[in-house]
Amino acid sequence: MRRTGINEQKEEDIKSAYKKAMLFFGDEAPFIRKDRLVKKAMEFPAPRFYISYEEARRILSRMDRGVSVDIKRKEKRKMYQDLLSKLREQRKNGKATPSALQEAINTEAPGFYIGREHFTRIINRKPCI
């Protein structure tokens, strides 16, 4: 299965967050357990929301109208809620433009919206250093 540009970018950003966690611990990093480094890396915000415009538009339109959406993973549900909050904030500030959704997608996200195991698998795919 070929990865999309969004997924490749997400993986690179996760690896960057892991490197940032290592820098946070400095000279002690080599002696710190990997799970602690991963936990710290997951605390950093993500540079953007990792979702396509079309998928976000479809799901957020339903959520904004109060229509139930079937999203099982709590991390993904949280991502949509955070993105919808950003859109509503834009509306509140009078900045709701046709490109508002794309702008919101490309803003800093509070997190990567994946579980620790998946985050660790991405870190383990290729060396980060």
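This text goes with the structure placed above it.
Residues numbered from 1 in each chain as written. Predicted model: local features only at pLDDT ≥ 70, side-chain atom pairs only at ≥ 80, totals over all residues. Heavy atoms only, no water.

Asker: What is the right way to read the overall build of the chain from this model?
Answerer: The number of helices and strands found in the chain is 6 helices and 0 strands. Reading the chain from its N end, one meets helices and strands in the order α-α-α-α-α-α. In terms of its C-alpha atoms, the chain occupies a principal-axis envelope of roughly 50 × 35 × 25 Å. Out of the 129 residues in the chain, the part that is buried amounts to 36%. Taking the intrachain contacts of the chain between residues at least 6 apart in sequence as the baseline, contacts between residues at least 24 apart amount to 70%. (Helix = DSSP H or I, 4+ residues; strand = E, 2+ residues; numbered from the N terminus. Buried < 20%, exposed > 50% of the residue type's maximum accessible area, 1.4 Å probe, protein only. Contact = heavy atoms within 4.5 Å.)

Asker: Help me out: how do you make sense of the nonpolar core in this one?
Answerer: Looking at soluble globular proteins, one finds that nonpolar side chains tend to be buried together. Core analysis: the largest hydrophobic core is formed by 36 residues, its most contacted members being F49, I51, L60, Y80, L83, F112 and F119. Sorting the residues of this core by element identifies α1 (5-25), α2 (34-43), α3 (53-64), α4 (74-92), α5 (100-105) and α6 (116-125) as the ones contributing at least two each. Discounting residues that sit within four places of it in the chain, F119 has contacts with I14, V38, A41, M42, F112 and I114. (Core = buried A, V, L, I, M, F, W, Y, C linked by side-chain atoms within 4.5 Å.)

Asker: Help me understand the packing of aromatic side chains in this model?
Answerer: Given two aromatic rings, their pairing is described by the distance between the two centres and the angle made by the two planes. Scanning the model with the defined rule gives 4 aromatic pairs in all. Taken together, a centroid distance of 5.1 Å and an interplanar angle of 90° make the contact between F24 and F25 edge-to-face. For F25, a relative accessible area of 15% gives the class buried. Both rings, one in F112 and one in F119, keep their centres 5.7 Å apart while their planes meet at 70°; by these two values the pair is edge-to-face. A cation over an aromatic ring shows up here: K40 above the ring of F24, its NZ or CZ 4.0 Å from the ring centre. (Phe/Tyr/Trp six-rings, centres within 6.5 Å; stacked < 30°, edge-to-face > 60°. Lys NZ or Arg CZ within 6 Å of the ring centre and 35° of its normal.)

Asker: What's the story with the pattern of salt bridges in this structure? I'm lost.
Answerer: Side chains carrying opposite charge are able to pair once their charged atoms draw close together. Evaluation of the coordinates by the stated rule reveals 11 salt bridges. Between D35 and R33 there is a salt bridge, with the nearest N and O atoms lying 3.0 Å from each other. On the basis of relative accessible area, D35 is assigned to the partly exposed category, the value being 35%. K76 is the salt-bridge partner of E55, the closest N and O atoms lying 3.5 Å from each other. Placement of the pair is E55 in helix α3 and K76 in helix α4, with a sequence separation of 21 residues. Among the charged side chains, a salt-bridge network with shared partners connects K39, K40 and E43. (Salt bridge = Lys/Arg side-chain N within 4 Å of Asp/Glu carboxyl O.)

Asker: How should I be thinking about unusual backbone geometry in this particular structure?
Answerer: The bulk of non-glycine residues show a negative phi, and the bulk of peptide bonds are trans. At Y113, a residue that is not glycine, the phi angle is positive and equals roughly 60°. Along the polypeptide, Y113 turns up in the loop between α5 and α6. The buried category is assigned to Y113, whose relative accessible area is 11%.

Asker: What exactly am I supposed to notice about α4 here?
Answerer: Residues three or four positions apart in an α-helix share a direction because the helix packs 3.6 residues into each turn. In a regular helix each residue adds 1.5 Å, so 19 residues correspond to 27 Å; α4 covers 27 Å between its end C-alpha atoms and thus fits that length. All of the buried residues along α4 are M79, Y80, D82, L83, L84, L87 and Q90. Tucked into the core, α4 has its buried residues touching α3 and α5. (Expected span 1.5 Å × (residues − 1).)

Asker: Please clarify how the environment of Q9 should be interpreted in this entry.
Answerer: Checked against the element boundaries, Q9 lands in helix α1. Q9 sits in the partly exposed class, given a relative accessible area of 37%. Spatially, the C-alpha atoms of Q9 and Y50 are 8.3 Å apart, while their sequence positions differ by 41 residues. A polar contact of 2.8 Å, which involves the side chain of Q9, links it to the side chain of D13. (Polar contact = N/O pair within 3.5 Å; in protein donor to acceptor, adjacent residues only side chain to side chain.)

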